[in-house]
Amino acid sequence: MRISKHGRRLFLTGAGGAVLALPWLPSLLPRALRTKAHAQDPVVPRRFIAMKTYSGAPVLDWYPRNAPSGYTTHSVDGTVALSTPLNEPTGRHSNGMEYFGRQAPLSDFAGTGISNVFGSGFNAFADQMILFRGLDFMPGLNHNHGGYLGNLGLNTNGTGGEVAGAQINCTIDHVMAASQSVYASTPSGPRVLHVGSRVNTASYAPTDPSNVLATGRGAIQQAQAFVNPRAAFDAVFGTAPPDPMGSGPGVSARLVDRVIEDYRRARDGSHLSSEDRQQLERHIAHLSELEERVNRMDALMCNPTAPPMIDTGGEFNADTTQVTALFDNLVDVIVTALACDATRIATLDITKMVVNDGGDVFGMGDSENANSAGRDNWHFQAHEWNDDAKRWLGLGATWVAQHVVLRLLEGLSAIREPDGQTLLHHTLAMWSNELSFNHLNYSIPTVTFGSLGGAVRPGRYIDYVDHDRPIRFRQHDGSVVEGVQFNRLLVTIMQGMGLMPSEYERTPGRGFGETQPVGKGSGFALDYDDSNVGQILPDIG
């Protein structure tokens, strides 16, 4: 399934639905309402996409290591050191000392590619991207499904189950899906679209949909993904309402006709101000332009074409052609679903990837059983951590970036919203990982794209690690040192989607998910500012 050809109904729903009426004309309102009307911006829905990869990550491949002019590198790992502090402090340590994260424009690293994972293909999206370092899980979470979406109290069954003393809760995708600020009315597709290469997802839904803040093992159930793009497509579009614009030749010729009488009445009215008259004329001109675009595209566009049935089989059935086709089509279903507003939230679990090791091309799957030996199990390779394993895991992450994430970004950028901005601008697409280096959860590799309609300020590399703190210990290629609570990213996302704290907080001011470092001993980095855990990330907007 390709998304370069969008159906007439999808195009008109996304682009025309908001213009097939006259614009706000404040001079025709009662005087008391005019100021308020002037302050209102056109409402374009915001969307959220969560992508997840699994097992330990080659974290040094995520971050810049080629220092441009004016930069130095950290002696401990060779990554680029940032010198410009954020405008807002990250917090205070227990000794009362404030500490600040640091930032740099991602464009500064475009000359050699941002990093091994984010090569030159991402230069075109650097202004819509935030590369994060220093986002830490608070509990001692090991292998897990739902940590990066806020269920920080539950390990996978193969590695211990519940984290003793940690809160277990549903994930933010379901909290947002229950909010009126995200869905004022029932969408035509699923409230959350789950797709991936494994049925079990990183998402946990409430067992009682009316109580998304319930906690405990019995309060949640693991969401199941569509692992076949055709099934995902049918779930999104199989119940879509009939085309409100009709179908067939000549439909677009009626676009202006639908509002022309209202236009004439408003134009000829005696109370219309000159400013509103100009706005009215611009609106009709825009509608005529839209009509012309639809007419030109009539011969090129078709209704969404269902993708093929693709079944990649079990954990390690990672035929490279099938895996590539699977993710191509799953990404296209997500973009099309968001473009026609059939859903506003999607998750993509990536448990298979392709490795090209100097022409030796093979697929890798992920298993909760680390003892399933072989290069086709990236969990096993994360445990091995020899030179082959490090190279393969890095190349696999690069493949995910270039063939999954870039495809998503190109699809979102190709679609214009009614306000002239791209679908990517009104979306936040997040890619994060199950764990960081080895089996630890400091500096979880995380990147976002888009700005949620301006709620988030992209174009930056933000490092929240307090590099002035002592490194408690190192494993693989990572350091255990304080950054900022991952919980604050979750709060940032939910507020960016329009939620009020009362919709996601069980205790006022405490944010979302487990915020205490349960399961971590004194040898870990623990000196965070607990007073701000319910706030959005520092200097994010």
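Because the structure is predicted, anything quoted here is derived from the model rather than measured. (Residues numbered from 1 in each chain as written. Predicted model: local features only at pLDDT ≥ 70, side-chain atom pairs only at ≥ 80, totals over all residues. Heavy atoms only, no water.)

Now for the overall build of the protein chain. Along the backbone of the protein chain there are 10 helices and 21 strands. Counting all 541 residues of the protein chain, 56% fall into the buried class. Sequence-distant contacts in the protein chain: of pairs separated by 6 or more residues, those separated by 24 or more amount to 73%. (Helix = DSSP H or I, 4+ residues; strand = E, 2+ residues; numbered from the N terminus. Buried < 20%, exposed > 50% of the residue type's maximum accessible area, 1.4 Å probe, protein only. Contact = heavy atoms within 4.5 Å.)

A separate point is the sheet that holds strand β10 (residues 193-196). Across the sheet, nine strands lie side by side as β4-β7-β18-β8-β17-β16-β1-β13-β10; this open sheet has mixed pairing. Each end of this open sheet is capped by a strand with a single partner; those strands are β4 (84-85) and β10. Sheet topology places strand β8 (residues 129-133) next to strand β18 (residues 460-463); four bridges connect them, and they run parallel. Residue pairing for β18: Arg-133 is matched across the bridge by Asp-463. The strands touched by helix α9 (residues 387-413) within the sheet are β1 (47-53), β13 (345-349), β16 (427-433) and β17 (446-449), with β16 carrying the most contacts at an inclination of about 170°. Its contacts with the sheet put helix α10 (residues 487-496) on β1, β8, β16 and β17, and the angle it makes with β16 is roughly 160°. (Pairing = 2+ DSSP bridges. Axes fitted to C-alpha atoms, helices over the stretch in contact; angles between N-to-C directions.)

This next bit is on the side chain of His-194. Tracing the chain through its elements places His-194 in strand β10. Polar side-chain contacts of His-194 include one of 2.7 Å to the side chain of Thr-347. Residues within four places of His-194 in sequence aside, it is in contact with Asp-173, His-174, Thr-201, Ser-203, Ala-223, Gln-224, Ala-225, Phe-226 and Thr-347. (Polar contact = N/O pair within 3.5 Å; in protein donor to acceptor, adjacent residues only side chain to side chain.)

So, about helix α4 (residues 229-237). Listed as buried for α4 are Pro-229, Ala-232, Phe-233, Val-236 and Phe-237. Considered in projection along α4, the buried side chains sweep an arc of 110° and stay on one side of the axis. (Arc of directions from axis to C-beta.)

Confidence in the prediction for the protein chain averages 85 pLDDT; 82% of positions are at 70 or higher. For residues 293-302, every residue scores under 50 in pLDDT, and the model assigns this stretch 18 contacts once sequence neighbours within four places are set aside. (pLDDT = per-residue confidence, 0-100.)

Over its 27 residues, α9 runs 37 Å from end to end, which matches the ideal 39 Å to within 8%, given 1.5 Å per residue. At Val-405, α9 is bent by approximately 30°, the largest bend along its length. With a side-chain oxygen positioned 3.2 Å from the backbone nitrogen of Asp-388, the residue opening α9 is Asn-386. (Expected span 1.5 Å × (residues − 1). Bend = angle between axes of the 7 residues up to and from the residue.)

With that settled, the discussion passes to the nonpolar core. In terms of nonpolar packing, the biggest core is built from 131 residues, with Phe-48, Phe-118, Phe-122, Met-176, Leu-348, Trp-431 and Phe-449 touching the most fellow members. Residue contributions to this core peak at 12 residues, all from α9. With near-sequence residues (within four places) excluded, Met-176 lies in contact with Phe-48, Val-182, Ile-345, Ile-493, Met-494, Met-497 and Leu-499. (Core = buried A, V, L, I, M, F, W, Y, C linked by side-chain atoms within 4.5 Å.)

Let us look at the side chain of Thr-422. With respect to the helices and strands, Thr-422 occurs in the loop between α9 and β16. Look past the residues within four positions of Thr-422 in its chain and what remains in contact with it is Leu-412, Ser-413, Ile-415, Arg-416 and Glu-417.

This next bit is on the pairing of β16. Within β16, seven of the seven residues are buried, which leaves it mostly tucked inside the rest of the structure. Side chains Thr-427, Ala-429, Trp-431 and Asn-433 project from β16 onto one buried face, and the interleaved Leu-428, Met-430 and Ser-432 project onto a second face that is buried too. Across seven bridges, the pairing between β1 and β16 is parallel. Within β16, the residue paired with Ala-50 across the bridge is Met-430. Looking at chain direction, β16 and β17 are connected through four bridges and run antiparallel. By the bridge assignment, Ala-429 is partnered in β17 with Phe-449.

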